[in-house]
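The residues making up each chain are set out below.
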Amino acid sequence: MICQNDNHLTQLVNKAKTLTKNGKVADYIPALAEANKADLSIAIYSVEGACLKAGEVQTTFTLQSISKVLSLALVLMDHGQEYVFNRVGMEPTGDPFNSIAKLETIKPSKPLNPMINAGALAVTNMIKGKTKDEKIERLLAFIQTLTNNSSVSVCERVARSEFNHAWLNRSMCYFLKEHGIIEGDVEALMEVYTKQCAIEMNCYDLAKIGAVLALNGVHPDTKEQVIPERIARLCKTFMVTCGMYNASGEFAIKVGIPAKSGVAGGILAIVPNKYGIGVYGPALDERGNSIAGCKLLEMISEEHSLSIF
Ligand code: DON
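Keep in mind it's a predicted model, so treat the numbers as computed, not measured. (Residues numbered from 1 in each chain as written. Predicted model: local features only at pLDDT ≥ 70, side-chain atom pairs only at ≥ 80, totals over all residues. Heavy atoms only, no water.)

## Quick look at the overall build of the protein
- Tallying secondary structure elements over the protein gives 13 helices and eight strands in all.
- Here the protein, with 309 residues, has 59% of them falling under the buried criterion.
- For the protein, the share of sequence-separated contacts (at least 6 apart) that also reach a separation of at least 24 residues comes to 69%.
- Of the roughly 12,300 Å² of accessible surface on the protein, 51% is carried by carbon and sulfur atoms.
- Of note, the protein has its 31 positive side-chain charges centred 2 Å away from the centre of its 32 negative side-chain charges. (Helix = DSSP H or I, 4+ residues; strand = E, 2+ residues; numbered from the N terminus. Buried < 20%, exposed > 50% of the residue type's maximum accessible area, 1.4 Å probe, protein only. Contact = heavy atoms within 4.5 Å. Areas by Shrake-Rupley, 256 points an atom, 1.4 Å probe, with all protein chains shown as cover. Lys, Arg positive; Asp, Glu negative; His and termini not counted. Charge placed at Lys NZ, Arg CZ, Asp CG, Glu CD.)

## Regarding the pattern of salt bridges
- Here the structure, examined in full by the defined rule, presents 12 salt bridges.
- For Glu-250, the salt bridge identified is with Arg-287, shortest N-O distance 2.7 Å. Of this pair, Glu-250 sits in helix α12 (residues 248–254) while Arg-287 sits in the loop between β8 (275–280) and α13 (291–304), and the two are 37 residues apart along the sequence.
- On the basis of relative accessibility, which here comes to 37%, the residue Glu-250 falls in the partly exposed class.
- One salt-bridge network, held together by shared partners, links Lys-132, Glu-191 and Lys-195. (Salt bridge = Lys/Arg side-chain N within 4 Å of Asp/Glu carboxyl O.)

## Comments concerning the sheet that holds β8
- Pairing in this open sheet of five strands is antiparallel, and the strands run β2-β1-β8-β7-β6 from one edge to the other. Unpaired on one side and paired on the other, β2 (51–54) and β6 (259–261) mark the two borders of the sheet. Each neighbouring strand pair of the sheet contributes to a mean axis angle of 10 degrees, computed without reference to strand direction.
- Helix-sheet contacts for helix α1 (residues 6–17) involve β1 (41–46) and β2, and the interaxial angle to β2 is about 40 degrees. (Pairing = 2+ DSSP bridges. Axes fitted to C-alpha atoms, helices over the stretch in contact; angles between N-to-C directions.)

## Some details on the site of the ligand
- Neighbouring the ligand are 14 residues; Tyr-28, Gln-64, Ser-65, Glu-162 and Tyr-193 lie closest to it.
- Tyr-28 is positioned such that a nitrogen or oxygen atom in its side chain is 2.6 Å from an oxygen atom of the ligand.
- Tyr-193 is positioned such that a nitrogen or oxygen atom in its side chain is 2.6 Å from an oxygen atom of the ligand.
- Taking 340 Å² as the accessible area of the ligand by itself, protein coverage stands at 99%.
- Its residues assigned to classes, the shell around the ligand comprises six nonpolar, seven polar and one charged.
- When we break the shell around the ligand down by domain, the ones giving at least three residues each are domain 1 (6–62 + 201–304) and domain 2 (65–197). (Near = heavy atom within 4 Å. Polar contact = N/O pair within 3.5 Å; in protein donor to acceptor, adjacent residues only side chain to side chain. Nonpolar A, V, L, I, M, F, W, Y, C, P; charged D, E, K, R; others polar. Domains from an automatic or database assignment.)

## Let's talk about helix α2 (residues 67–79)
- Helix length check: α2 (13 residues) gives 18 Å between terminal C-alpha atoms against 18 Å at 1.5 Å per residue, within 8%.
- Those residues of α2 not exposed but buried are Ser-67, Lys-68, Val-69, Leu-70, Ser-71, Leu-72, Ala-73, Leu-74, Val-75, Leu-76 and Asp-78.
- Gly-80, located one to two residues past α2, shows a positive phi value of around 85 degrees. (Expected span 1.5 Å × (residues − 1).)

## Some thoughts on the sheet that holds strand β3 (residues 61–62)
- Spatial ordering of the open sheet is given by β3-β5-β4, a layout of three strands whose pairing is antiparallel. In the strand order of this sheet, the two ends are held by β3 and β4 (153–154), each with one partner.
- In the sheet, β3 pairs with strand β5 (residues 199–201) via two bridges, with the strands oriented antiparallel. Bridge pairing in β5 places Phe-61 opposite Met-201.
- Running at roughly 20 degrees to β5, helix α6 (residues 132–147) makes contact with β4 and β5 of the sheet.

## Considerations on unusual backbone geometry
- Even without being a glycine, Gln-64 presents a positive backbone phi close to 50 degrees.
- Within the secondary structure layout, Gln-64 lies in the loop between β3 and α2.
- Among the residues examined, Gln-64 registers a relative accessible area of 2% and is labelled buried.
- Its identity as a non-glycine residue notwithstanding, Asn-148 has a phi of 55 degrees, on the positive side.
- In this fold, Asn-148 is placed in the loop between α6 and β4.
- Judged by its relative accessible area of 43%, Asn-148 is partly exposed.

## Some words on the packing of helix α7 (residues 156–163) against helix α9 (residues 186–197)
- Taken N-terminus to C-terminus, the directions of α7 and α9 make an angle of 135 degrees; their axes are 8 Å apart at the nearest point. When the axis of α7 is compared with that of α9, the two are oblique. Once α7 is placed against α9, the crossing between them reads as right-handed. Residues Glu-156, Ala-159, Glu-162 and Phe-163 of α7 pack against Glu-187, Met-190, Glu-191, Tyr-193, Thr-194, Lys-195 and Cys-197 of α9.
- By residue class, the composition of the contact of α7 with α9 is five nonpolar, one polar and five charged. (Parallel < 35°, antiparallel > 145°, perpendicular 65-115°, else oblique. Left-handed = near helix turned anticlockwise from the far one by under 90°.)

## A short note on the domain arrangement of the protein
- Here the protein is partitioned into domain 1 (6–62 + 201–304) and domain 2 (65–197).
- On a C-alpha basis, the centres of domain 1 and domain 2 stand 21 Å from each other.
- With 38 residues of domain 1 at the contact, the number on the domain 2 side is 38 residues.
- Interface area for domain 1 against domain 2, summed over the two sides, is near 3,000 Å², with a carbon-plus-sulfur share of 74%. (Buried area = accessible area lost by both parts, 1.4 Å probe.)

Dropping the structure here:
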């Protein structure tokens, strides 16, 4: 097991924690501004079922963009690759996560990848279900299977807070509708999307999701294939190329493992065949990634030569 024990991991957390003062909690979703900027916690779940933890690991947070990896896995299971990639691309953007610019400049107009907001909105629109409630319930049930925890749920307060302020995401939806990428009611899509982003858990649950992906879709607890191998690999590839947005290149150089961040401060990271890692640190850098969380992963990766490259 890396990091020997919880004590050593706690030392690394305390070191990385000093960076939290240089970051800023997200406030464009008002409910996220209530987070404690100094928090930093981590869980490392080995595929054999051992777990190392440090920091306030019981603290829960909303997945935000981390959910994009999981909605992508679900729609690929629902529809297959051809259907999905006719509506969303496979290329990194080098733009911020919420940029709308390339929707206009790229022809034919389709979001460049499923990790940016525009692409994730298109993906969420593809979740199968007769009603908006059925769609979010299917995604939540899938995530409960991955965490092996049926108490994982939607934080309605955070969902509502985003729903009431998501003008840029709404603009992207209308743009996507104009170009035939999505159909149906934009307000219903926004409801599913904001609830998806507000699915809440702690870093232990998140680390377990990472362990499923580390095992290419086999659940470490139940040994069941809960995501087809090809889809699990595809999700990890997107995490490497686009998971940290316009910091994905730097993260690949400094840390070198598939990862996905969210603006609530979570990071899901994967050491293939070995570990799932869940990090929470709500102080963000200017690109929307957990500032201390990235540093902590960098220190652990360096110490244990975790880079896949
Ligand atoms: O759509 C949004 O803006 C948020 N619900 C999610 C953005 C996000 O987490 C970007 N990640 N770093």
